[in-house]
Amino acid sequence: MLEWLAAAVAAGGTAVVQAAGTDAWVIVRQRVAKVLGRDDPEREQAELTRLDQTATALASLAPEEAALVRARQEASWTARFEMLLESLGEAERERVARELNDIADQARQASAGGVSGNVFSGPTAFQVGNGNRQDNHFGPGT
């Protein structure tokens, strides 16, 4: 497997583990299931079940076993992505590899507390962080 494809599958495996238990999980979970489901609703549902099992396993870790379980989960998902890419033609393989990289970017941003994928139309205010206060007033002055 080409180096950049290997990096994409590894990034995908890391993204699943990194996103589990975060605000990004819902979106990452759905995107991963869609990629692996390959437009087959039954396969997609099976992948959602696997992803839920991963999230459950990661949520109930004792500190002394966390690193080992996380590494195993990453390796498992990386292998699934690798098998998928090996089964695809060149054009489709490149499209899926780009999708895996996008998913990984989303998971990284979420774990770093970043904000992404937002579209604002009109007056908008938002903030990121803890312990903040924000008072917003839109419209004519009062």
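Reading guide: rules and limits
- Residues numbered from 1 in each chain as written.
- Predicted model: local features only at pLDDT ≥ 70, side-chain atom pairs only at ≥ 80, totals over all residues.
- Heavy atoms only, no water.
- pLDDT = per-residue confidence, 0-100.
- Helix = DSSP H or I, 4+ residues; strand = E, 2+ residues; numbered from the N terminus.
- Phe/Tyr/Trp six-rings, centres within 6.5 Å; stacked < 30°, edge-to-face > 60°.
- Buried < 20%, exposed > 50% of the residue type's maximum accessible area, 1.4 Å probe, protein only.
- Expected span 1.5 Å × (residues − 1).

A. The confidence of the model for the chain, seen in detail. Looking at the chain as a whole, the pLDDT averages 85, with 78% of positions reaching at least 70. Mean pLDDT across the elements of the chain ranges from a minimum in helix α5 (residues 90-111), with 91, to a maximum in helix α2 (residues 25-37), with 96.

B. Fine view of the packing of aromatic side chains. All told, the structure shown has one aromatic pair when counted by the stated rule. Ring geometry for Trp 77 and Phe 81: centres 6.3 Å apart, planes at 40 degrees, overall tilted. You can see Trp 77 and its partner Phe 81 sitting in helix α4 (residues 66-86), four residues apart, about one turn around the helix. A residue is classified by how much of its surface remains accessible, and Trp 77, at 2% relative accessible area, is buried.

C. Geometry of α2. Across its 13 residues, α2 extends 17 Å between first and last C-alpha, which sits within 8% of the 18 Å expected from 1.5 Å per residue. The complete set of buried residues in α2 reads Trp 25, Val 28, Arg 29, Val 32, Ala 33, Val 35, Leu 36 and Gly 37. Following α2 by one or two positions, Arg 38 adopts a phi angle in the positive range, close to 50 degrees.

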